[in-house]
Amino acid sequence: MSDSSAAASLNGVNVEYLLGARTALGETPEAGQFKWRVTNEWLHGTHSKTHVEGYFGLGGEHDHKADYTFESDHPLVFAAEDNAATPVEIVLTGLASCLTAGVAAVAQVREIQLRSVKATVEADMDIAGILGADPEVRNGFSNVRVTYDIDADGTPDDIKALVAQSQKRSAVYDILTNPTNVTVDVA
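Going along each chain's sequence as written, the residues are numbered from 1 onward. The predicted origin of the model limits local features to residues at a pLDDT of at least 70 and limits the giving and counting of side-chain atom pairs to 80 or more, whereas totals for whole chains, interfaces and linings rest on all residues. In computing side-chain properties, one takes all heavy atoms of the structure into account and sets aside hydrogens as well as water.

Here the protein chain shows a mean pLDDT of 91. Residues at 70 or above account for 95%. Per residue, pLDDT captures the predictor's confidence, and it can take any value from 0 to 100. Contacts between residues were defined by any pair of non-hydrogen atoms, one from each residue, lying within 4.5 Å. Scored below 50 in pLDDT, residues 1-7 shows 7 contacts in the model against residues more than four places distant or in partner chains.

See below:
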(Lines give C-alpha, C1' and ligand atoms only; values in the text may rest on other atoms or scores of the structure.)
Protein backbone atom coordinates (compact mmCIF):
# COMPACT_ATOMS: atom_id res chain seq x y z
CA MET A 1 0.00 0.00 0.00
CA SER A 2 1.87 3.07 -1.15
CA ASP A 3 -1.04 5.51 -0.95
CA SER A 4 -0.62 7.17 2.48
CA SER A 5 -4.37 7.74 2.99
CA ALA A 6 -5.11 4.07 2.28
CA ALA A 7 -2.27 3.00 4.56
CA ALA A 8 -3.40 5.34 7.33
CA SER A 9 -6.97 4.05 7.15
CA LEU A 10 -6.09 0.34 7.42
CA ASN A 11 -6.15 0.33 11.24
CA GLY A 12 -5.98 4.05 11.97
CA VAL A 13 -2.26 4.17 12.89
CA ASN A 14 -0.01 6.69 11.15
CA VAL A 15 2.92 4.34 10.69
CA GLU A 16 4.61 6.61 8.18
CA TYR A 17 4.94 9.24 10.91
CA LEU A 18 6.19 6.66 13.47
CA LEU A 19 8.80 5.33 11.07
CA GLY A 20 9.87 8.90 10.28
CA ALA A 21 10.26 9.58 14.00
CA ARG A 22 12.42 6.47 14.35
CA THR A 23 14.67 7.74 11.56
CA ALA A 24 14.84 11.22 13.11
CA LEU A 25 15.82 9.76 16.49
CA GLY A 26 18.65 7.90 14.80
CA GLU A 27 19.99 11.26 13.67
CA THR A 28 19.33 13.15 16.94
CA PRO A 29 19.07 10.60 19.78
CA GLU A 30 18.79 13.29 22.47
CA ALA A 31 15.32 14.12 21.13
CA GLY A 32 14.16 10.71 22.37
CA GLN A 33 14.63 11.64 26.02
CA PHE A 34 11.13 12.01 27.49
CA LYS A 35 9.87 12.81 30.98
CA TRP A 36 6.32 11.69 31.70
CA ARG A 37 4.56 13.37 34.64
CA VAL A 38 1.44 12.93 36.69
CA THR A 39 0.22 14.72 39.81
CA ASN A 40 -1.79 12.80 42.38
CA GLU A 41 -3.99 14.32 45.08
CA TRP A 42 -5.48 12.50 48.03
CA LEU A 43 -9.27 12.93 48.29
CA HIS A 44 -10.41 10.84 51.28
CA GLY A 45 -9.62 7.47 52.79
CA THR A 46 -7.80 5.51 50.08
CA HIS A 47 -9.40 7.53 47.27
CA SER A 48 -7.16 9.78 45.16
CA LYS A 49 -7.21 11.58 41.82
CA THR A 50 -4.33 11.75 39.35
CA HIS A 51 -3.96 14.55 36.81
CA VAL A 52 -2.08 14.16 33.51
CA GLU A 53 -1.45 17.47 31.78
CA GLY A 54 1.85 17.52 29.93
CA TYR A 55 5.24 15.97 29.35
CA PHE A 56 8.73 16.77 28.11
CA GLY A 57 9.94 15.22 24.85
CA LEU A 58 11.52 15.98 21.49
CA GLY A 59 13.50 18.72 23.21
CA GLY A 60 10.59 20.66 24.72
CA GLU A 61 7.47 20.77 26.84
CA HIS A 62 4.18 19.53 25.40
CA ASP A 63 0.59 19.69 26.61
CA HIS A 64 -1.93 17.00 25.92
CA LYS A 65 -4.95 18.23 23.97
CA ALA A 66 -6.92 17.89 27.23
CA ASP A 67 -6.16 17.43 30.91
CA TYR A 68 -6.83 13.81 31.83
CA THR A 69 -7.81 12.59 35.27
CA PHE A 70 -7.87 9.12 36.74
CA GLU A 71 -9.26 8.19 40.10
CA SER A 72 -8.24 5.24 42.20
CA ASP A 73 -9.47 3.70 45.42
CA HIS A 74 -9.50 0.38 47.18
CA PRO A 75 -12.44 -2.05 47.19
CA LEU A 76 -15.06 -2.57 49.86
CA VAL A 77 -13.37 -5.82 50.96
CA PHE A 78 -10.43 -3.63 52.09
CA ALA A 79 -12.85 -1.53 54.19
CA ALA A 80 -12.51 1.28 51.62
CA GLU A 81 -15.23 3.07 49.65
CA ASP A 82 -14.60 1.52 46.19
CA ASN A 83 -14.97 4.87 44.40
CA ALA A 84 -12.75 3.83 41.48
CA ALA A 85 -10.49 1.10 40.14
CA THR A 86 -7.60 0.04 42.34
CA PRO A 87 -4.08 1.25 41.55
CA VAL A 88 -3.08 -2.31 40.54
CA GLU A 89 -6.02 -2.46 38.11
CA ILE A 90 -4.81 0.80 36.60
CA VAL A 91 -1.37 -0.79 36.09
CA LEU A 92 -3.08 -3.70 34.28
CA THR A 93 -5.03 -1.15 32.21
CA GLY A 94 -1.74 0.44 31.17
CA LEU A 95 -0.32 -2.94 30.15
CA ALA A 96 -3.40 -3.89 28.12
CA SER A 97 -3.55 -0.46 26.46
CA CYS A 98 0.14 -0.40 25.57
CA LEU A 99 0.18 -3.92 24.16
CA THR A 100 -3.02 -3.33 22.18
CA ALA A 101 -1.70 -0.08 20.69
CA GLY A 102 1.35 -2.05 19.62
CA VAL A 103 -0.80 -4.74 18.01
CA ALA A 104 -2.56 -2.04 15.97
CA ALA A 105 0.70 -0.37 14.93
CA VAL A 106 2.44 -3.64 13.98
CA ALA A 107 -0.64 -4.79 12.06
CA GLN A 108 -0.61 -1.48 10.18
CA VAL A 109 3.06 -1.92 9.21
CA ARG A 110 2.41 -5.49 8.10
CA GLU A 111 -0.76 -4.44 6.22
CA ILE A 112 -2.97 -6.74 8.27
CA GLN A 113 -6.53 -5.46 8.61
CA LEU A 114 -7.86 -5.73 12.15
CA ARG A 115 -11.57 -6.22 12.75
CA SER A 116 -11.46 -6.58 16.53
CA VAL A 117 -8.85 -6.84 19.26
CA LYS A 118 -9.71 -7.74 22.84
CA ALA A 119 -7.16 -8.25 25.60
CA THR A 120 -8.05 -9.85 28.92
CA VAL A 121 -5.45 -9.30 31.63
CA GLU A 122 -5.39 -11.15 34.94
CA ALA A 123 -2.85 -10.85 37.72
CA ASP A 124 -2.27 -12.92 40.84
CA MET A 125 -1.40 -11.23 44.13
CA ASP A 126 -1.14 -12.45 47.71
CA ILE A 127 -2.28 -9.47 49.80
CA ALA A 128 -0.56 -10.84 52.91
CA GLY A 129 2.45 -8.80 51.76
CA ILE A 130 0.77 -5.40 51.49
CA LEU A 131 -1.12 -5.97 54.75
CA GLY A 132 2.12 -6.79 56.55
CA ALA A 133 0.77 -10.21 57.57
CA ASP A 134 3.72 -12.07 56.04
CA PRO A 135 7.01 -10.25 55.41
CA GLU A 136 8.12 -13.05 53.08
CA VAL A 137 5.32 -12.33 50.58
CA ARG A 138 6.09 -9.67 47.98
CA ASN A 139 3.69 -6.74 47.69
CA GLY A 140 3.24 -6.96 43.93
CA PHE A 141 1.99 -9.39 41.34
CA SER A 142 3.29 -12.93 41.33
CA ASN A 143 1.99 -13.64 37.84
CA VAL A 144 0.32 -11.67 35.04
CA ARG A 145 -1.49 -13.27 32.10
CA VAL A 146 -2.57 -11.45 28.94
CA THR A 147 -4.89 -13.30 26.58
CA TYR A 148 -5.82 -11.85 23.20
CA ASP A 149 -8.87 -12.52 21.07
CA ILE A 150 -8.03 -11.01 17.67
CA ASP A 151 -10.11 -11.09 14.51
CA ALA A 152 -7.96 -10.00 11.58
CA ASP A 153 -7.00 -10.75 8.00
CA GLY A 154 -4.02 -12.89 8.87
CA THR A 155 -3.03 -16.44 9.66
CA PRO A 156 -2.80 -17.62 13.28
CA ASP A 157 0.99 -17.35 12.96
CA ASP A 158 0.62 -13.76 11.67
CA ILE A 159 -1.51 -12.88 14.70
CA LYS A 160 0.95 -14.48 17.14
CA ALA A 161 3.75 -12.52 15.48
CA LEU A 162 1.77 -9.26 15.89
CA VAL A 163 1.38 -9.88 19.60
CA ALA A 164 5.01 -10.95 20.02
CA GLN A 165 6.29 -7.79 18.29
CA SER A 166 3.94 -5.64 20.35
CA GLN A 167 5.26 -7.26 23.53
CA LYS A 168 8.84 -6.67 22.39
CA ARG A 169 8.21 -2.91 21.88
CA SER A 170 5.82 -2.25 24.79
CA ALA A 171 7.07 0.31 27.32
CA VAL A 172 4.62 -0.88 29.98
CA TYR A 173 5.56 -4.54 29.48
CA ASP A 174 9.19 -3.51 29.93
CA ILE A 175 8.36 -1.48 33.06
CA LEU A 176 6.61 -4.49 34.61
CA THR A 177 9.20 -7.10 33.69
CA ASN A 178 12.48 -5.26 34.33
CA PRO A 179 13.79 -3.51 37.44
CA THR A 180 13.32 0.27 37.39
CA ASN A 181 14.93 2.74 39.76
CA VAL A 182 12.20 4.53 41.71
CA THR A 183 13.03 7.34 44.14
CA VAL A 184 10.41 8.59 46.60
CA ASP A 185 11.10 11.94 48.33
CA VAL A 186 9.18 14.34 50.55
CA ALA A 187 9.29 18.00 49.45
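Leu114, Ile150, Ala152 and Leu162 are the most contacted members of the largest nonpolar core, which totals 20 residues. Each helix is a run of DSSP H or I of at least 4 residues and each strand a run of E of at least 2, with the numbering of both proceeding from the N terminus. Looking at this core, the elements that each hand over two or more residues are helix H3 (87-109), strand E5 (114-124), strand E6 (143-152) and helix H4 (156-169). Sort the elements by how many residues they give to this core and H3 lands first, with 9 residues. Aside from chain neighbours lying at most four places away, what touches Leu162 is Val103, Val106, Ala107, Arg110, Ile112 and Leu114. By nonpolar core we mean a set of buried residues, namely Ala, Val, Leu, Ile, Met, Phe, Trp, Tyr and Cys, connected to one another through side-chain atoms within 4.5 Å. Partly exposed describes any residue whose relative accessible area lies between the buried limit of under 20% and the exposed limit of over 50%, with all areas from a 1.4 Å probe on protein chains only and scaled to the type maximum.

Let's shift gears to the packing of H3 against H4. Following both chains from N to C, one finds H3 and H4 inclined at 120°, their axes separated by 8 Å at the closest point. It follows that H3 is oblique to H4 by the angle criterion. Helix-helix and strand crossings are classified by hand; for H3 and H4 the assignment is right-handed. For the pair formed by H3 and H4, the contact residues are Cys98, Leu99, Gly102, Val103, Val106 and Ala107 on the first element and Leu162, Val163, Gln165, Ser166 and Gln167 on the second. Its residues assigned to classes, the contact of H3 with H4 comprises 7 nonpolar, 4 polar and no charged. To obtain each axis, a line is fitted to C-alpha atoms, and for helices this fit is confined to the stretch in contact; angles are then taken between N-to-C directions over 0 to 180 degrees. Orientation labels follow simple angle bins: below 35 degrees gives roughly parallel, above 145 gives roughly antiparallel, 65 to 115 gives roughly perpendicular, and whatever is left gives oblique. What makes a crossing left-handed is the near helix being turned counterclockwise from the far one by less than a right angle; a clockwise turn instead makes it right-handed. Following the grouping adopted for this structure description, the nonpolar residues are Ala, Val, Leu, Ile, Met, Phe, Trp, Tyr, Cys and Pro, the charged ones are Asp, Glu, Lys and Arg, and the polar ones are all others, Gly among them.

Take unusual backbone geometry next. One non-glycine residue, Ala79, adopts positive backbone phi at about 60°. The topology assignment puts Ala79 in the loop between strand E4 (60-72) and H3. Among the residues examined, Ala79 registers a relative accessible area of 76% and is labelled exposed. Of note in this structure, Asp82 is not a glycine but carries a positive phi near 55°. Mapping Asp82 onto the fold places it in the loop between E4 and H3.

Glancing now at the pattern of salt bridges. Note on definitions: salt bridges are taken to be side-chain nitrogens of Lys or Arg within 4 Å of carboxyl oxygens of Asp or Glu. Under the defined criterion, the tally for this structure stands at 5 salt bridges. Note that Glu61 is salt-bridged to Arg37, the shortest N-O span being 2.5 Å. You can see Glu61 sitting in strand E4 and its partner Arg37 sitting in the loop between strand E1 (35-36) and strand E2 (39-44), a full 24 residues away along the chain. Using a relative accessible area of 38% as the deciding quantity, one classes Arg37 as partly exposed.

What follows covers H3. Taking 1.5 Å per residue as the helical rise, H3 with its 23 residues ought to reach 33 Å, and the 33 Å between its terminal C-alpha atoms agrees with that figure. Turning to H3, its buried residues are Leu92, Leu95, Ala96, Leu99, Gly102, Val103, Ala104, Ala105, Val106, Ala107 and Gln108. Downstream of H3 by one or two residues, Glu111 has phi in the positive range, about 55°. Here a helix's expected span is defined as the number of its residues, less one, multiplied by 1.5 Å.

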